[in-house]
Structure formats: C-alpha cells, structure tokens
Amino acid sequence: QVQLVESGGGLVQAGDSLRLSCAASGGTGSGYVMGWFRQAPGKGREFVAAINWAGSTYYRDSVEGRFTISRDNAKNTLDLQMNNLKPEDTAVYYCALESSKSTRLALMASEYDYWGQGTQVTVSS
C-alpha cells in the first residue's frame, strides 16, 4: 500500500518562504505523476502544482512564479518550494500520487489515487 507523508509546514509572515516535502513509500513503482493540493477552511480542495516522471510541471495561475515543484525519482520524494508567500496561501497542503503512469499532468483531485495526511501552512499579514 502506497503511503505519502508530508512535512515542512508552519507559520510564517507574508513574503517569507517555506519548503514542503513528501516522502512516498510502499511499492510506488515508477512513471507516476505527483501533485500538491491545498484546502483552506470552508473551501474545497484545489490544485496547486503537478509534475510527471520526466519532470514536466504545471501550476495554478496564482502560484506561478512563486512556487516550484520538484521530485527525486530515485528517492521517491516530492518537494514544493514556496516563495513570497501570501495570506491567501494559508491552507492545509496535501501531496498526492496518480498511479496510471500517464505522462499527462493530472489537475483534478479525483484523478489521484493516494494522498498524504496534510501539513498546515499559515501565512500572517
């Protein structure tokens, strides 16, 4: 059974940076897409960024240029470098794994098969 464990959340001020990490274990195989989603209080889970096995990436418009998603296929890890954080970035952040081995970047939560437990990111103004 695939397990995903996030780390790196915290409380920061607007303009600060944070780096989230996600470790995957339990027979992940290869070729899978990974993504980051977030959920703010009272809102639905929204796509943040995704990366395929080859390293192609896609971001939601509001984080483009501020966030960078990366992965280490040998270590089965996923990172999200978040710079110039804004109060509206406050949310629980989840990493997710889509196991179909498609090269297409999945943008919808329903397309992902496995989820981490989430890590809180709070940005104060």
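The structure we're discussing is the one just above.
Residues numbered from 1 in each chain as written. Predicted model: local features only at pLDDT ≥ 70, side-chain atom pairs only at ≥ 80, totals over all residues. Heavy atoms only, no water.

Student: Quick question: what am I supposed to make of the nonpolar core here?
Tutor: Of all hydrophobic cores here, the largest spans 27 residues; its most connected members are Trp36, Leu80, Met82 and Tyr93. Counting residues per element, the ones that place at least two in this core are β3 (18–25), β4 (33–39), β5 (46–51), β7 (67–72), β8 (77–82), β9 (91–98) and β11 (119–124). Formed by eight residues, the second largest nonpolar core is a distinct cluster that contains Val33, Phe47, Leu105 and Ala106. (Core = buried A, V, L, I, M, F, W, Y, C linked by side-chain atoms within 4.5 Å. Buried < 20%, exposed > 50% of the residue type's maximum accessible area, 1.4 Å probe, protein only. Helix = DSSP H or I, 4+ residues; strand = E, 2+ residues; numbered from the N terminus.)

Student: What is the right way to read the pattern of salt bridges from this model?
Tutor: When the charged atoms of two side chains with opposite charge come close together, those side chains can pair. Across all of its chains, the model carries six salt bridges by this definition. Within this structure, Arg38, Glu46, Arg60, Arg66 and Asp89 form a network of salt bridges that share partners. (Salt bridge = Lys/Arg side-chain N within 4 Å of Asp/Glu carboxyl O.)

Student: Explain the state of the cysteines to me, please; I cannot follow it from the model alone.
Tutor: Here a disulfide denotes one covalent bond, and it connects the sulfur atoms of two cysteines. Scanning all chains against the criterion turns up one disulfide. What pairs with Cys22 in a disulfide is Cys95, and their sulfur atoms sit 2.0 Å apart. On the S-S bond that ties Cys22 to Cys95, the torsion sits near 40°, and the link is right-handed. Here Cys95 lies in strand β9 and Cys22 lies in strand β3, a separation of 73 residues in the sequence. Among the residues examined, Cys22 registers a relative accessible area of 1% and is labelled buried. Residue classification places Cys95 among the buried positions, given a relative accessible area of 0%. (Disulfide = S-S within 2.5 Å.)

Student: How should I be thinking about unusual backbone geometry in this particular structure?
Tutor: Keep in mind that most residues, glycine aside, have a negative phi and that most peptide bonds are trans. With a phi close to 55°, Asn76 is a non-glycine residue in the positive phi region. Mapped onto the elements, Asn76 comes out in the loop between β7 and β8. In this structure, Lys101 takes a positive phi of about 70° despite not being glycine. Turning to its location among the elements, Lys101 is positioned in the loop between β9 and β10 (114–115).

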